Amino acid sequence: MKRHAFLKTVWATSAASLLFASAASAETLRLSHNTGDTTTWHEAAELFNDLLNEASEGELSVRTFPNSQLAGGDQMRQFEMVGRGAIDLVMTSAINVTPLIPEMAVFSLPYLYDGYDQVDATMNGEPVKLLEEIMDEKGVKVLAWGESGFRELTNSKRPIRSPDDMRGLNMRVAGPMYVDVMDALGANPQQMQWVETISALQQGVVDGQENGIGAVIIPQRIYEVQDYITLWHYSYDPIFLGISKQRWESFDAETQEMVQQAADQAMAHQLAITRENTAEGVDFLREQGMDITELTPEEIEVFRQATAPAFDIWAERVGPDIVSSFVETIESSKQQ
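All of the points below concern the structure found in this document.

Conventions and cut-offs
Each chain has its residues counted from 1, running along the sequence as written. In keeping with the model being predicted, local features are shown solely for residues with a pLDDT of at least 70 and side-chain atom pairs are shown and tallied solely at 80 or more, while totals for entire chains, interfaces and linings include all residues. Note that the side-chain values use all heavy atoms of the structure and ignore hydrogens as well as water. The way it works is that DSSP assigns letters per residue, a run of H or I at least four long becomes a helix, a run of E at least two long becomes a strand, and they are numbered from the N terminus. Note on exposure labels: buried denotes an accessible area under 20% of the residue type's maximum, exposed denotes more than 50%, and partly exposed covers the range between, all computed with a 1.4 Å probe on protein chains only. Here a residue-residue contact requires only that any non-hydrogen atoms of the pair lie within 4.5 Å. Every accessible area reported is derived by Shrake-Rupley at a probe size of 1.4 Å, with residue values counting cover from the shown protein chains alone. Positive charges are assigned to Lys and Arg, negative charges to Asp and Glu, while His and the chain termini are left out of the count. We put the charge of a Lys on NZ, of an Arg on CZ, of an Asp on CG and of a Glu on CD. In this analysis, the protein atoms alone were mapped onto a 1 Å grid. Cavities are point sets where a 1.4 Å probe fits without being able to get out; pockets are open sets with protein on both sides within 12 Å along at least five of seven lines; lining residues have an atom within 4 Å of a point. Grid points are joined across faces, edges and corners, and a volume is the space filled by probe spheres set on the points. Residues are grouped as follows: nonpolar covers Ala, Val, Leu, Ile, Met, Phe, Trp, Tyr, Cys and Pro; charged covers Asp, Glu, Lys and Arg; every other residue, Gly included, is treated as polar. Grouping into patches uses exposed residues only, defined as over 30% relative accessible area, and leaves out salt-bridged ones; the cut-off is 9 Å for like charges and 5 Å for nonpolar side chains (Val, Leu, Ile, Met, Phe, Trp, Tyr). Whenever Lys or Arg places a side-chain nitrogen within 4 Å of a carboxyl oxygen from Asp or Glu, that contact is recorded as a salt bridge. Only buried residues count toward a nonpolar core, which is a set of Ala, Val, Leu, Ile, Met, Phe, Trp, Tyr and Cys residues joined through side-chain atoms within 4.5 Å. Think of it this way: DSSP has to see at least two bridges between two strands before they count as a pair.

1. What to know about the overall build of the chain
Here comes step 1: A count of helical and extended segments in the chain gives 13 helices and 10 strands.
Here comes step 2: Judged by the C-alpha coordinates and their principal axes, the chain covers about 90 × 45 × 35 Å.
Here comes step 3: Taking all 336 residues of the chain together, 53% fall into the buried category.
Here comes step 4: Of the contacts formed within the chain by residues at least 6 apart in sequence, a portion of 76% connects residues at least 24 apart.
Here comes step 5: Split by element, the accessible area of the chain, about 15000 Å² in all, is 48% carbon and sulfur.
Here comes step 6: Of note, the chain has its 24 positive side-chain charges centred 8 Å away from the centre of its 51 negative side-chain charges.

Here's what the structure looks like:
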């Protein structure tokens with residue numbers, strides 16, 4: 001009996017030691033993103049954790065911090081913090097990186113794209129690699145891309161059918177390029193962190209904002225504080241999941257492959273559900289009482305001409321090589 005009890009004690013101690021060792025060797029990565037926990041961004045981040053945790057058999061997990069919490073609510077700082085290794089992972093939109101990397105504005109140049117076929121041609125081809133190389137130089141490896149989609153315009157004042165309707169509106173914008181776009185349209189742009197935007201809309205500090213329907217407008221319930229939406233498809237907004245190069249290079253090849261596969265699957269899911277939600281979203285917003293304005297091609301052309309000065313300013317900042325790569329790929333996709 002004594003020997004049996006002794007063996008049970010040894011087994012229990014060994015099992016506890018193994019569990020402790022396993023827990024001690026497990027690693028939790030921290031991921032920061034811009035939006036709230038109801039968005040497709042957050043859903044992708046949580047899926048990334050689930051996939052990585054399963055693939056690594058619990059050795060790797062991801063803790064997600066929405067609303068740019070790890071950057072003190074400053075969505076522009078997240079990328080820089082990942083670049084120097086203060087945060088492991090970031091999910092953010094291209095436009096939020098433009099203060100550090102002006103070239104990232106290329107995706108969102110006003111009226112660069114006519115539709116998703118053209119978007120996919122650039123995002124799955126050589127043009128996007130040019131931007132990934134630049135971010136890599138800044139200490140961030142891009143793992144995979146998703147999207148917020150085409151940014152549509154909402155406001156609480158009136159339907160918008162022409163640039164004249166924009167005059168005098170106080171518009172929340174996400175980055176410096178959009179400041180120039182709104183200036184060109186006669187609106188009053190106010191660059192503001194997303195975490196401040198909902199309350200600013202509620203309190204009337206700003207009259208409107210622009211964002212993707214499936215990724216932000218619906219899950220963040222913008223329809224509760226805005227009465228009008230204009231489908232003007234003026235600017236495309238990709239998002240990406242990036243990892244600190246310091247962290248990436250600390251992984252062995254097997255771990256890197258696990259992380260990459262989990263990222264690919266999570267962001268493919270994010271893109272798919274964002275497009276699905278966007279396709280169904282207009283009817284949903286109409287049911288919620290929003291006044292929907294769908295612009296004709298002729299009306300969109302008026303906006304295109306009005307925002308051309310902002311396009312030219314930012315195309316110069318982006319650089320002719322990158323802009324040419326995007327434009328040539330888009331033109332080629334039209335011929336297929």
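2. A look at empty space enclosed by the protein
Here comes step 1: Summed over the entire model, instances satisfying the criterion amount to 1 cavity of 30 Å³ or more.
Here comes step 2: By volume, the largest cavity amounts to about 100 Å³.
Here comes step 3: Lining the largest cavity are 14 residues, and of these Asn-34, Trp-41, Gln-75, Asn-96 and Asn-211 sit closest to its centre.
Here comes step 4: Residue composition of the lining of the largest cavity, by class: 4 nonpolar, 7 polar and 3 charged.

3. Regarding a negative patch on the surface
Here comes step 1: A cluster of like negative charges, contributed by Asp-37, Glu-46, Asp-50 and Glu-54, occupies part of the molecular surface.
Here comes step 2: Examined against the element boundaries, Asp-37 turns out to sit in the loop between β1 (27-33) and α2 (40-55).
Here comes step 3: Overall, Asp-37 belongs to the exposed group, its relative accessible area being 53%.

4. A closer look at the nonpolar core
Grouped burial of nonpolar side chains is what soluble globular proteins tend to show.
Here comes step 1: Met-104, Phe-107 and Met-166 are the most contacted members of the largest nonpolar core, which has 59 residues in total.
Here comes step 2: Leave out the neighbours within four places in its chain, and Met-166 touches Leu-153, Arg-158, Ile-160, Met-171, Met-182, Leu-185, Gly-186, Ala-187 and Phe-303.
Here comes step 3: Core analysis: the second largest hydrophobic core is formed by 43 residues, Trp-41, Leu-89, Val-216 and Val-282 among them.

5. A short note on the pattern of salt bridges
Here comes step 1: Applying the stated rule across the entire model yields 21 salt bridges.
Here comes step 2: The salt bridge partner of Arg-151 is Asp-237, with a shortest N-O separation of 2.6 Å. Residue Arg-151 is found in strand β4 (residues 140-155), and its partner Asp-237 is found in strand β9 (residues 236-244); the two are separated by 86 residues along the sequence.
Here comes step 3: Taking the relative accessible area as the measure of exposure, Arg-151 reaches 2% and is therefore buried.
Here comes step 4: Put simply, Glu-294 and Arg-286 hold a salt bridge, and the shortest N to O gap is 3.8 Å.
Here comes step 5: On the basis of relative accessible area, Glu-294 is assigned to the partly exposed category, the value being 49%.
Here comes step 6: Given the relative accessible area of 40%, Arg-286 is considered partly exposed.
Here comes step 7: What you see here is one network of salt bridges that share partners, running through Asp-114, Glu-301, Arg-304, Glu-331 and Lys-334.

6. Some points on the side chain of Thr-230
Here comes step 1: Take Thr-230: it is sitting in strand β8 (residues 228-231).
Here comes step 2: For Thr-230, a relative accessible area of 1% corresponds to the buried category.
Here comes step 3: With near-sequence residues (within four places) excluded, Thr-230 lies in contact with Glu-152, Leu-153, Ile-160, Thr-293 and Leu-295.

7. Description of the pairing of strand β3 (residues 89-93)
Here comes step 1: In terms of residue burial, β3 counts as a mostly covered element, since 5 of its 5 residues are buried.
Here comes step 2: Side-chain alternation along β3 places Leu-89, Met-91 and Ser-93 on one buried face and Val-90 and Thr-92 on a second face that is also buried.
Here comes step 3: As defined by bridge partners, β1 adjoins β3 across 3 bridges and the pair is classed as parallel. Across the sheet, the residue bridging to His-33 is Met-91, located in β3.
Here comes step 4: One ladder, built from 5 bridges, connects β3 with β9; its direction is antiparallel. Along β9, the bridge assignment pairs Leu-89 with Ile-243.

In short, shape yes, function no, at least from these values alone.
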